[in-house]
Amino acid sequence: MISIHYPRTIADLKPGDHLCCLYETEDERRALLTPYLRQGLERGEKVLYIVDAHTIEVVQGYLRDDGLEVEPYQASGQLSILTVDDAYMREGIFDADGMIALLRSETDRALAEGYAAQRVTSEMTWVLRGLPGSERFIEYESKLNTFLPGSRCQAICQYDRRRFDPAVLLDVLATHPIIAVGTDLYDNFYYIPTTEFLGLDRPGATLRRWLDNLAERKEAEEALRDSEQKYRTLLDNIPQRVFYKDRNSVYLAVNPSYARDLGRMPDEVVGKTDYDLFPPEMADKYRSDDRRIIETATSEEIDEPYPLGGEVRVVHTLKAPVRASDGAITGVLGIFWDITERKRAEEERERLLADLQRWAAELDTTITSIADGVLIYDPRGEIVRMNPAAERILGYSPEQRELPLAERMRLLCIETLDGKPFPPEEQPAVRAFRGERAWGVVMVIRLPDGRAIWVSSSGAPIRLPSGDLLGAVVTLTDITVQHQLQEQREDLLRAVSHDLRAPLTIILGQAQLLGGMLEKAGLTGPERRSAEAVVTGAKRMNVMIQDLVDSVRLEAGQLRLEKRPVELRSFVSDLLDRSVGVIEIGRVRVEIPPNLPPVSADANRLETILTNLLSNALKHSSPDTEVKVTAKATDGEVVVSVADRGVGIAPEDLPHMFERYYRAKAARKTEGLGLGLYISRMLVGAHGGRIWAESQPGKGSTFSFTLPVA
């Protein structure tokens, strides 16, 4: 079946179309034919005009008056104007098939000459002159419907309604699929296909065709009503607001959603303008938008204010021009919906994004500026961020940074503190990817240039709130300078411990030998006291050296404890027995219950703690007062206390008593380095215990510490 194209305007006509022009005035005819001819020429089609009632000059005048130069088109052959004798009557008698053959030949020639199509129009008044064969013109009109569809030719047949009998025009109506009445084009319900029209039973065919048309019309009307009902149901129930205005912005229709916003029924809005419904400034804006859309003939999407429920909301409005069938703009169709919450969400998102960008910039600046190296890895182990300190420590090139984690690790020579290869699986970055945390892992990184960098490295996994691994972060603290200082301190410690003690041992030995010799010689006067003073000074010097060595080793974590169960009652008794001549043991009273549980302690270090506390108590209390040692068990630990009845400690000194080199105001002239209590605190801490002091000025002080039960 050949499909028929039904245009709506002259500009929509295409090759294959066949229509008749029924006109009553010259203006109607001219208004249709002038654009038809002009469009054909401008589209590169060949145009053939067959004149009869008008002259060639009249047709040329139509185009000239429309601003088109006719002569170049006629000279090139694109526009041909023929008479009836040159076309229909070229053989002296009209032959329908011969005329169709002529049109086919002209179309083929036009295409061969490079034209896009053939366009034909003819004045049909010639059939009224009774020319030979003209009685067959209606057969010709019907047969054109077997030639034109599917071809590159289109045709308009012109009929003056003032001159043709209505009966003839009914046949004309039946043989043209498209009718032009004036400048209006119609799909022709009364068209009868050629086979039926030229058949033996034309009245029967016409009746069947009209009855079929009636049924089709009824079906189309029902479909249209169905469609309108669906459209109406949709408009009545969608939450979006819909309106239709004319060119003067007068409402022609609104849906219930829009009317409800206005507190009215839809028919109460029809006929009103925005000035009847909104504040003047809003109405001005709405009217301006409507005018712009009509003038530019384009659709627009607008975010605009909209009063609703006592507040001004934000709506997203889509406005589009409405066109009539001839293309003229008749009004504006709009649909809008409330986007206030979305706008607020977008503003909040923008605010959060700005905050996030600021935080990211602050974090980036922080990471860049800190002295420690920072590396951030993605889940695949690729470096996504490395600050300058890390670049300096690791020395990765840009290419090496792109290598997988395992390969990057192999590029570095990483050693333990004793010079052995550091196990890759124990490196903080690898442990972090196993979900572990690593703190303060000390490693030695040997660079290709031979330098060794000591680092303290930590690593931790980066997880989402869901627990999924997002990556890892690793920090590198360059402790090379601290290590060098530690080595220098060790050298100094060895020098102090050995080089100072060696001559001190000689001095002490010689002083003790001299004292013995003086005693044998019976010299007990100033000479003997001088020898004893040398011995006492040498011993005091030895204690200070030991305190200094112990404090350094404790701070460096190099002091090892050999813990074992210690029974405090017997331990303190034995300590006092061995301290005869060193401290005033006669002033010390021990009150330790016999059933006290043993403690877990290093005996040598425990002796240092007790000796320091006893010496301190005896030194800062009157010779005629006693110093009491007590102990009690509580909550898995033993509390040991040393109490004196001395001058006490001032409140402002009490918080600082265990600081290195600190001396209370009342004891600023006391001999020693001020390390005894500091060393005691470090030793107690190494055992996992606590140490503190309590004092009342003028009544004495109590120093207590705890040790875990064995």
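Look up a bit, the structure's there.
This text gives an overview of the structure that appears in the document. (Residues numbered from 1 in each chain as written. Predicted model: local features only at pLDDT ≥ 70, side-chain atom pairs only at ≥ 80, totals over all residues. Heavy atoms only, no water.)

1. Points about empty space enclosed by the protein
Which parts of space are left empty comes out when a probe the size of a water molecule is rolled across the atoms. One pass over the full model with this rule turns up four cavities of 30 Å³ or more. One number sums up the size of the largest cavity: a volume of about 160 Å³. Forming the boundary of the largest cavity are 17 residues, of which Tyr377, Leu394, Met409, Val474 and Leu476 lie nearest the centre. Looking at the lining of the largest cavity, the element that brings in the most residues is helix α15 (residues 405-411), giving three residues. Within the lining of the largest cavity, the residues separate by chemical class into 14 nonpolar, two polar and one charged. The computed volume of the second largest cavity comes to approximately 110 Å³. Along its surface, the second largest cavity is lined by 14 residues, and Phe243, Tyr258, Tyr286, Glu304 and Phe336 are the ones closest to its centre. (1 Å grid on protein atoms, 1.4 Å probe; cavity = no way out; pocket = protein on both sides within 12 Å on 5 of 7 lines; lining within 4 Å. Points joined across faces, edges and corners; volume = space filled by probe spheres on them. Helix = DSSP H or I, 4+ residues; strand = E, 2+ residues; numbered from the N terminus. Nonpolar A, V, L, I, M, F, W, Y, C, P; charged D, E, K, R; others polar.)

2. Remarks on helix α1 (residues 26-42)
Across its 17 residues, α1 extends 24 Å between first and last C-alpha, which sits within 8% of the 24 Å expected from 1.5 Å per residue. Turning to α1, its buried residues are Arg29, Leu32, Leu33, Thr34, Tyr36, Leu37, Gln39, Gly40 and Leu41. (Expected span 1.5 Å × (residues − 1). Buried < 20%, exposed > 50% of the residue type's maximum accessible area, 1.4 Å probe, protein only.)

3. Topic: the packing of helix α20 (residues 603-619) against helix α21 (residues 676-686)
For the pair α20 and α21, interaxial distance at closest approach is 9 Å and the crossing angle is 145 degrees. The crossing of α20 and α21 is left-handed. Residues Arg605, Thr608, Ile609, Asn612, Leu613 and Asn616 of α20 pack against Gly676, Leu677, Ile679, Ser680, Leu683 and Val684 of α21. The residue inventory of the contact of α20 with α21, partitioned by class, reads six nonpolar, five polar and one charged. (Axes fitted to C-alpha atoms, helices over the stretch in contact; angles between N-to-C directions. Left-handed = near helix turned anticlockwise from the far one by under 90°. Contact = heavy atoms within 4.5 Å.)

4. Some thoughts on the sheet that holds strand β25 (residues 700-708)
Sheets are built from strands paired through backbone hydrogen bonds, the pairs being either parallel or antiparallel. With mixed pairing, the five strands of this open sheet are ordered in space as β20-β22-β23-β25-β24. At either end of the open sheet lies a strand with only one pairing partner, and these are β20 (588-591) and β24 (691-696). Neighbour-to-neighbour, the strand axes of this sheet turn through a mean angle of 20 degrees, independent of strand direction. In this sheet, strand β23 (residues 637-643) lies alongside strand β22 (residues 627-634) in antiparallel orientation, the contact comprising seven bridges. Considered in β23, the bridge of Thr634 is made with Glu637. Together, β20, β22, β23 and β25 form the strand contacts of α20, whose direction differs from that of β25 by roughly 170 degrees. (Pairing = 2+ DSSP bridges.)

5. With respect to the packing of aromatic side chains
Tallied over the full model, the rule gives 19 aromatic pairs. On the numbers, 6.5 Å between centres and 45 degrees between planes, the contact of Tyr258 with Tyr306 is tilted. Linking Tyr258 in helix α9 (residues 256-261) with Tyr306 in strand β10 (residues 300-308), this pair joins segments that are 48 residues apart in sequence. Comparing Tyr258 with Tyr306 shows no difference in burial state: the two are buried. Aromatic pair Tyr377 and Phe433: ring centres 6.0 Å apart, planes at 70 degrees, arrangement edge-to-face. Of the two residues, Tyr377 is situated in strand β13 (residues 373-377) and Phe433 in helix α16 (residues 428-433); the sequence distance between them amounts to 56 residues. Each residue in the set Phe243, Tyr251, Tyr258, Phe278, Tyr286, Tyr306 and Phe336 is aromatic and connected to the rest through ring pairs, giving one cluster. One cation-aromatic arrangement involves Arg119 over Tyr36; the distance from NZ or CZ to the ring centre is 4.6 Å. The ring of Phe197 carries Arg202 above its face, with NZ or CZ at 4.0 Å from the centroid. (Phe/Tyr/Trp six-rings, centres within 6.5 Å; stacked < 30°, edge-to-face > 60°. Lys NZ or Arg CZ within 6 Å of the ring centre and 35° of its normal.)

6. A look at the sheet that holds strand β18 (residues 469-478)
Pairing within the open sheet is antiparallel, and its six strands lie in the order β14-β13-β18-β17-β16-β15. A single partner strand is all that each edge strand has here, and the edge strands are β14 (383-386) and β15 (413-415). Strand-to-strand twist across the sheet, computed as the mean angle between neighbouring axes with direction ignored, equals 30 degrees.

7. Here's the deal with a negative patch on the surface
The grouping of Asp212, Glu216, Glu219, Glu222 and Asp226 at the surface amounts to a negative patch. Looking at where Glu219 falls in the secondary structure, it is placed in helix α8 (residues 202-237). Residue class for Glu219 comes out exposed when judged on its relative accessible area of 58%. (Patch = residues over 30% accessible without salt bridge, like charges linked within 9 Å, V, L, I, M, F, W, Y side chains within 5 Å. Areas by Shrake-Rupley, 256 points an atom, 1.4 Å probe, with all protein chains shown as cover. Salt bridge = Lys/Arg side-chain N within 4 Å of Asp/Glu carboxyl O. Lys, Arg positive; Asp, Glu negative; His and termini not counted. Charge placed at Lys NZ, Arg CZ, Asp CG, Glu CD.)

8. Details of the pairing of β24
Where burial is concerned, the two faces of β24 differ: the one with Ile691, Ala693 and Ser695 is buried and the one with Trp692, Glu694 and Gln696 is not. Examined bridge by bridge, β24 and β25 share six bridges and lie antiparallel to one another. Bridged to Trp692 within β25 is Ser704. Connecting β24 to the next strand, β25, in antiparallel fashion are three residues, including Gly698 with a positive phi near 90 degrees.

9. Some points on the environment of Ile445
Mapped onto the elements, Ile445 comes out in strand β16 (residues 438-446). Residues Ile445 and Leu308, 137 residues apart in the sequence, show an inter-C-alpha distance of 70 Å. Not counting chain neighbours up to four residues away, the residues in contact with Ile445 comprise Ile393, Leu394, Leu412, Cys413, Ile414, Arg451, Ala452, Ile453 and Val455.

10. Focus on the nonpolar core
In summary, soluble globular proteins display a tendency toward joint burial of nonpolar side chains. Within the largest apolar cluster, 42 residues are counted, with the highest numbers of intra-cluster contacts made by Leu568, Leu606, Leu610, Leu614 and Phe705. Residue assignment for this core shows that the elements contributing at least two residues are α19 (568-578), β21 (599-601), α20, β22, β23, α21, β24 and β25. In terms of residue count, α20 provides more of this core than any other element does, eight residues in total. The contacts of Leu568, once residues within four sequence positions are left out, are Ile592, Leu596, Val599, Leu606, Ala631, Val638 and Val640. Residues Met89, Ala96, Ile100 and Ala155 belong to the second largest nonpolar core, which totals 37 residues. (Core = buried A, V, L, I, M, F, W, Y, C linked by side-chain atoms within 4.5 Å.)

11. Here's the deal with helix α11 (residues 280-296)
When the terminal C-alpha atoms of α11 are compared, their 24 Å separation across 17 residues agrees well with the 24 Å that a helix rising 1.5 Å per residue should span. Inspection of α11 places Met282, Ala283, Tyr286, Arg287, Asp289, Asp290, Ile293 and Ile294 among the buried residues, and these make up the whole buried set. Along the axis of α11, the buried residues cluster in a sector spanning 155 degrees; they form a single face. Exposed side chains of α11 directed beyond 90 degrees from the buried face belong to Pro280, Glu281 and Glu295. Buried residues in α11 make contact with β8 (241-246), β10, β11 (311-323) and β12 (329-338). Taken from the residues just after α11, Ala297 is the one with a positive phi, measuring 55 degrees. (Arc of directions from axis to C-beta.)

12. Considerations on the packing of helix α4 (residues 96-112) against helix α5 (residues 137-147)
How two helices sit against one another is set out by the angle between their axes and by the gap between those axes. Packing of α4 against α5 leaves a shortest axis separation of 9 Å and a crossing angle of 40 degrees. Judged on the interaxial angle alone, α5 and α4 are oblique. The hand of the α4/α5 crossing is right-handed. Contacts from Ala96, Asp97, Met99, Ile100, Leu103, Arg104 and Thr107 in α4 reach Glu139, Tyr140, Lys143, Leu144 and Phe147 in α5. Looking at the contact of α4 with α5 residue by residue, the class counts come to seven nonpolar, one polar and four charged. (Parallel < 35°, antiparallel > 145°, perpendicular 65-115°, else oblique.)

13. Describing the pairing of β13
In terms of burial, β13 is largely enclosed, as four of its five residues are buried. Summarising the sheet, β13 and β18 pair through five bridges and their orientation is antiparallel. Note that in β18 the partner of Val374 across the bridge is Thr475. For β13 and β14, the ladder comprises three bridges, and the chain directions are antiparallel. From the neighbouring strand, Leu375 faces β14, where its bridge partner is Met386. Taking the residues between adjacent antiparallel strands as the criterion, β13 and β14 are bridged by five residues, where Gly381 takes a positive phi near 90 degrees.

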